Amino acid sequence: MANKSSVDFHYIEQKWQKKWQNKKVFEPKVDENKEKYFIIFAYPGISGYLHVGHMRGYSITDVVARYHRMLGKNVFFPVGTHASGNIAISFANKIKNRDEKWINYLVDNGCPKDIVSNLTTPEKIIEFFNKEYVDSWKAYGFSSSWSAFTCTSFDDYHKFIEWQFKKFMDLGLLIQKPYFTTTCINCGPVAVDLSETDISKGGNAEVVEYFTIKFKLENNVLPAATLRPETLFGVVNMWINPEINYVRASVGSEIYIISKQAAEKLKYQEESVEIIEQVSGKELIGKYCENPLTKNKVIILPALFVDPNVGTGVVMSVPAHAPYDYIALKDIQNNNNLLDKFNLPKEEIKNIKQISLIKTQEFGEFPAEEICKKIGIDTQNEIEKLEQATTEIYLKEFSKGVLKEICGKYAGLKISEVKENLGADLLNQNLAGKIRDLSEEVICRCGGKVVIKKIPDQWFIKYSDKSITEKAKKQVDNMQIIPESFKKNFPRILTWFEDRACTRLNNWIGTKLPFDKKWIIEPIADSTIYPAYYIVSQYFNNKKISVDDLTEEFFDYVFLGKGKPKNEIWKEIHREFDYWYPLNMNIAGKEHKTVHFPVFLKSHIAIFPEKYWPVGIGANGWVTGKGKFKLSKSKGGAEPIKDIAKKYSVDGMRLYYLNTAELFSDIEWDQDIIIKYKKKLESIINLINELSIKKDEEEMINELSIKKDEEKEAIDKWILSKLNASCKVVESEFNKFNIKKASDEIFFNIHNLIKWYLSRGGKDKQTLEKVSNIWLRLMAPFTPHICEELWEQIGNKDFISLASYPQFDKSLEDKHTEASEENIINLHETLRELILLVEKGSRKKAKKIHLYLAPEWKYELFKDASSGKQIGELLRAQKYAEHKFEIENMASKLRAIPGVLLSRNKEFAVLEDAKMFFEKEFGVIFEIQKETTFDPQNTAKFSLPGKPAVFVEVE
Ligand SMILES: [Zn+2]
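Residues numbered from 1 in each chain as written. Predicted model: local features only at pLDDT ≥ 70, side-chain atom pairs only at ≥ 80, totals over all residues. Heavy atoms only, no water.

Trainee: I'd like a description of the nonpolar core, backed by residues and values.
Mentor: Within the largest apolar cluster, 132 residues are counted, with the highest numbers of intra-cluster contacts made by Leu106, Trp137, Tyr140, Met653, Tyr657, Phe782 and Leu831. A total of ten residues in this core trace back to one element, the largest contributor, which is helix H26 (residues 739–759). Ile40, Ala148, Ile455 and Trp613 belong to the second-largest nonpolar core, a separate cluster that totals 69 residues. (Core = buried A, V, L, I, M, F, W, Y, C linked by side-chain atoms within 4.5 Å. Buried < 20%, exposed > 50% of the residue type's maximum accessible area, 1.4 Å probe, protein only. Helix = DSSP H or I, 4+ residues; strand = E, 2+ residues; numbered from the N terminus.)

Trainee: Could you give an account of the environment of Glu860, naming the residues involved and the relevant values?
Mentor: With respect to the helices, strands and loops of the structure, Glu860 is situated in helix H30 (residues 856–866). When its relative accessible area of 36% is taken as the criterion, Glu860 is described as partly exposed. Taking C-alpha positions, Glu860 is 9.4 Å from Pro945, a pair spaced 85 residues apart along the chain. Setting aside its immediate chain neighbours within four residues, Glu860 contacts Lys879 and Tyr880. (Contact = heavy atoms within 4.5 Å.)

Trainee: Help me get a handle on the pattern of salt bridges, residues and values and all.
Mentor: A side chain with one charge may pair with a side chain of the opposite charge, provided their charged atoms come close. Summed over the entire model, instances satisfying the criterion amount to 49 salt bridges. Across the salt bridge formed by Lys15 and Glu792, the nearest N and O atoms sit 2.9 Å from each other. Of the two residues, Lys15 sits in helix H1 (residues 9–22) while Glu792 sits in helix H28 (residues 784–793), which places them 777 residues apart along the sequence. Note that Lys400 is salt-bridged to Glu362, the shortest N-O span being 3.5 Å. Note that Lys400 is positioned in helix H14 (residues 383–400) and Glu362 in the loop between strand S17 (358–359) and helix H13 (367–375), a separation of 38 residues in sequence. Lys400 sits in the exposed class, given a relative accessible area of 53%. Put simply, Lys15, Lys19, Glu789 and Glu792 are held in one network by salt bridges that share partners. (Salt bridge = Lys/Arg side-chain N within 4 Å of Asp/Glu carboxyl O.)

Trainee: How would you explain the sheet that holds strand S26 (residues 585–589) if you had to name every residue and give the values?
Mentor: If you trace the five strands from one edge of the open sheet to the other, you get S2-S1-S26-S27-S22, paired in parallel fashion. Each edge of the sheet is formed by a strand with only one pairing partner; in this case those strands are strand S2 (74–76) and strand S22 (480–482). Adjacent strand axes in the sheet meet at a mean angle of 15 degrees, parallel and antiparallel pairs treated alike. One ladder, built from three bridges, connects S22 with strand S27 (residues 616–620); its direction is parallel. Within S27, the position partnered with Ile482 by the bridge is Gly618. (Pairing = 2+ DSSP bridges. Axes fitted to C-alpha atoms, helices over the stretch in contact; angles between N-to-C directions.)

Trainee: Account for the packing of helix H10 (residues 323–333) against H14, with residues named and values stated.
Mentor: Packing of H10 against H14 brings their axes to within 8 Å, and their N-to-C directions diverge by 130 degrees. As the angle between them shows, H10 and H14 are arranged oblique. In this structure, H10 uses Pro323, Tyr324 and Ile327 to contact H14, whose residues at the interface are Ile383, Leu386, Glu387, Ala389, Thr390 and Ile393. Class assignment of the residues belonging to the contact of H10 with H14 gives a composition of seven nonpolar, one polar and one charged. (Parallel < 35°, antiparallel > 145°, perpendicular 65-115°, else oblique. Nonpolar A, V, L, I, M, F, W, Y, C, P; charged D, E, K, R; others polar.)

Trainee: Could you give an account of unusual backbone geometry, with specific residues and numbers?
Mentor: A cis amide bond links Ile482 to the next residue, Pro483, at an omega of -5 degrees. Mapped onto the secondary structure, Pro483 falls in the loop between S22 and helix H17 (484–496). Backbone torsion omega between Tyr581 and Pro582 reads 5 degrees, so that peptide bond is classified as cis. Within the secondary structure layout, Pro582 lies in the loop between helix H20 (568–580) and S26. Unlike most non-glycine residues, Lys295 shows phi in positive territory, near 65 degrees. Positionally, Lys295 belongs in the loop between strand S14 (288–290) and strand S15 (297–302).

Trainee: Quick rundown of the state of the cysteines? Include the residues and the values.
Mentor: Taken as a whole, this structure holds zero disulfides when the rule is applied. No disulfide involves Cys727; its sulfur sits 14 Å from that of Cys787, the nearest cysteine. Residue class for Cys727 comes out buried when judged on its relative accessible area of 4%. (Disulfide = S-S within 2.5 Å.)

Trainee: If you had to explain helix H8 (residues 260–269) to someone new, which residues and values would you point to?
Mentor: Where H8 is concerned, the buried positions are Ala262, Ala263, Lys265, Leu266 and Gln269. The buried side chains of H8 occupy one side of the element, clustering within an arc of 165 degrees when seen end-on. Each element contacted by the buried residues of H8 is listed here: strand S5 (174–184), strand S11 (245–251), strand S12 (254–259), strand S13 (273–280), strand S19 (432–438) and strand S21 (450–461). (Arc of directions from axis to C-beta.)

Trainee: I'd like a rundown of H10, residues and numbers included.
Mentor: With nine of eleven residues buried, H10 lies mostly within the body of the structure. All of the buried residues along H10 are Pro323, Tyr324, Asp325, Tyr326, Ile327, Ala328, Leu329, Ile332 and Gln333.

Trainee: Tell me what's going on with the packing of aromatic side chains, and back it up with residues and numbers.
Mentor: With the rule as written, the count across this model stands at 69 aromatic pairs. Judged by centre distance (5.5 Å) and plane angle (85 degrees), the rings of Phe165 and Phe168 are edge-to-face. With Phe165 and Phe168 both in helix H7 (residues 155–170), this residue pair falls three residues apart, about one helical turn. On the basis of relative accessibility, which here comes to 0%, the residue Phe165 falls in the buried class. Judged by centre distance (6.2 Å) and plane angle (80 degrees), the ring pair of Tyr648 and Trp669 falls under edge-to-face. With a gap of 21 residues between them, Tyr648 in helix H22 (residues 641–648) and Trp669 in the loop between strand S29 (667–668) and helix H24 (671–701) connect regions that are remote in the sequence. Among the residues examined, Trp669 registers a relative accessible area of 3% and is labelled buried. Just above the ring of Phe460 sits the side chain of Lys177; from NZ or CZ to the centre is 4.8 Å. In this structure, Lys434 is placed above the aromatic ring of Phe211, and the distance from its NZ or CZ to the ring centre is 5.1 Å. (Phe/Tyr/Trp six-rings, centres within 6.5 Å; stacked < 30°, edge-to-face > 60°. Lys NZ or Arg CZ within 6 Å of the ring centre and 35° of its normal.)

As structure tokens, then:
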């Protein structure tokens with residue numbers, strides 16, 4: 001490793017990972033005398049290989065775990081995986097069907113071909129990736145307690161989830177109610193989200209819920225679909241597309257006239273839907289239907305913008321507030337051909353008047369007309385502008401609009417309150433129903449269409465429970481929540497978090513609902529209180545308990561202290577649980593702020609006594625491709641993570657994750673930056689090596705004359721004091737979870753301090769030893785492999801991972817030494833700039849540098865000012881009478897006096913001491929003028945205490 005040109009990172013990583021593994025360094029034992037720290041990252045779903053994005057949050061978790069371990073705490077950092085859902089099933093099916101794309105994916109990531117062809121069942125897929133994930137975590141040097149590993153598809157885990165759901169049931173938190181879910185017509189329920197895990201198209205789609213207002217048309221219902229039921233008061237006509245086919249369909253006991261597509265959708269959403277016969281759109285035009293609320297009769301008019309795929313294919317016209325309706329009505333009123341074609345009553349239609357029903361500050365009587373004129377919309381074809389106009393009106397009316405007198409008992413209601421009042425009334429009185437739509441087409445991975453389907457007896461966890469929500473919001477005050485902005489938002493998320501559908505039908509991987517085995521518990525619901533199970537899984541993995549032992553009585557006793565222990569093992573596990581719980585920190589990607597974290601907290605609160613409620617959560621940002629793109633082969637970052645670790649070194653990768661940005665910000669994958677981190681580590685390794693070589697040289701020269709502390713050079717005192725100060729900074733940043741700032745201090749600031757120490761001729765053996773020792777321990781949580789190696793190299797026999805973390809020691813603080821060296825550092829910087837400037841300006845080489853010490857009275861003045869005397873007072877003082885003018889000019893300097901002031905004699909001594917250093921640095925002779933003897937350009941007057949004036953004499 002002494003070889004300067006290259007460091008064999010991979011060799012060092014493997015060496016230490018093996019040693020940690022063999023000595024079981026990270027498997028903690030319960031010790032009631034030792035403070036505990038229990039930390040996890042949210043276990044990943046098995047969805048293929050882990051990528052560089054995953055490893056960021058995990059690396060953060062590991063650094064925090066290592067930090068607390070070095071603080072002397074007992075740290076428990078277990079890991080597991082999540083296999084519930086259908087991913088492993090569809091993965092296995094693809095391999096079974098010899099799907100090239102997926103086979104290549106496995107091979108490209110390093111899976112041998114004979115193993116690939118064997119991965120044809122979900123169980124084999126899960127087993128394969130479980131090993132793969134654990135290997136990856138080990139390869140990144142994580143200090144996890146491997147013996148607690150568990151996976152949601154394991155039999156013992158199922159027992160745990162069964163218990164959890166029994167508890168929910170006992171607490172009255174499991175309820176059944178109708179539910180509308182996205183469902184593939186072939187495979188059953190699928191998740192529609194941006195991950196597009198279950199689907200091949202339509203991840204952006206949202207569920208749109210329309211009211212269907214039941215207008216009467218003879219004995220039939222003509223249900224107009226709308227998102228704005230309040231506009232029912234402003235309907236002046238109905239729109240039907242004359243070019244599409246409608247159907248008469250029985251829906252329950254009613255007969256609907258709707259588009260054929262709408263009838264097909266309703267089949268999944270209503271009890272009994274039968275298509276009776278076709279009706280052409282054309283034959284409906286000119287008929288009258290009755291508004292169910294106002295009982296007004298309105299005429300049905302033709303409109304081509306009506307889409308049979310959206311809603312019911314029936315649209316009510318509210319021209320006062322809807323730009324589409326306004327433009328369409330204007331069109332038809334001015335189009336005699338069209339009126340003739342459909343044989344419509346001209347006078348009547350030309351006389352249709354808008355009905356205004358919402359009052360806002362922004363708009364007058366007729367907002368749609370107003371905005372169409374403003375934007376310049378003339379025809380129905382200007383879709384983009386019409387959409388813009390519609391959104392603008394809706395947003396303004398929704399946030400500030402109030403219903404007008406015309407709305408009867410709803411007058412005065414805010415639009416934002418309408419759905420709960422008017423909407424609910426319409427539904428209760430059967431004047432309206434609902435139809436649910438997807439905002440865009442969604443296709444399942446199997447190729448089937450995804451629709452919205454009603455499940456009449458869906459199971460829910462009642463997360464809306466008021467008492468649990470209140471307790472959860474209160475618990476937030478007791479929690480460390482990272483980042484701070486998330487802590488502020490979290491109570492609101494908890495308030496709005498609704499009951500969650502927790503089971504699915506069909507063939508999924510997961511735990512069967514214990515009361516009704518046709519249901520499988522869904523993936524988010526079986527990962528809420530699982531940190532508790534890591535304590536049990538250790539015993540299961542060590543074969544101290546079996547699946548049959550995992551009864552309701554067992555979990556009741558172990559987790560809740562209820563009932564009697566059956567044997568000593570029960571007692572031991574309960575004691576262990578009581579020791580480790582609550583969980584101190586749970587770190588997960590920021591996408592979990594509204595998904596995992598609320599159910600994690602609420603489920604704990606529902607089931608466990610208060611002393612076991614979680615006390616910390618952290619949300620980390622993502623790693624994106626360069627330019628915020630998704631990670632990909634072309635943009636980088638999609639390589640197998642083990643290859644990446646080999647290429648950039650594990651410690652380099654870890655430092656990249658931890659130092660590029662604070663953990664809640666996204667970072668971009670950038671190969672150039674990562675290479676810089678690797679180089680940084682190489683230079684640190686070389687510097688530590690240099691320190692030990694110096695130390696050895698010093699030892700040979702000075703074998704008989706090892707200096708005592710009080711004889712140490714100022715520069716030795718300085719570096720030790722500065723390192724001590726750095727410990728304080730690191731501790732404070734760690735406590736605030738500012739991992740980036742902590743690592744800035746350690747890897748950059750301290751690095752610079754040591755370089756300065758060496759350039760100032762620092763070489764004391766003991767100091768060098770201390771510096772390496774402290775610096776390595778500070779770095780160890782971040783870059784554990786190289787630190788173990790160097791730690792061993794400087795003569796330690798134990799693991800640095802188990803050494804103590806350097807702490808700030810007030811007694812070592814030496815502000816005086818720090819201040820005098822600070823003066824030298826500043827002067828060095830000033831000289832560097834000034835010499836350059838003078839040489840450039842005069843085109844001559846510098847010959848001699850004159851430093852002028854400030855006169856004694858300025859030292860006295862600074863002392864007076866720092867003791868709190870005001871400038872006015874100083875100006876009036878007799879002793880400064882002859883310097884009045886100068887003091888006035890120094891006013892700004894006097895307001896910013898450094899904390900530590902050196903005496904004039906001390907400062908002179910420090911400068912004399914640094915003279916040789918400066919002469920060597922700049923290759924020029926220095927003269928320090930205590931009393932001014934040579935001052936050709938009248939420079940000396942600019943001198944200040946701590947800041948001598950400088951004159952550069954040229955050849
Ligand atoms: Zn499907």
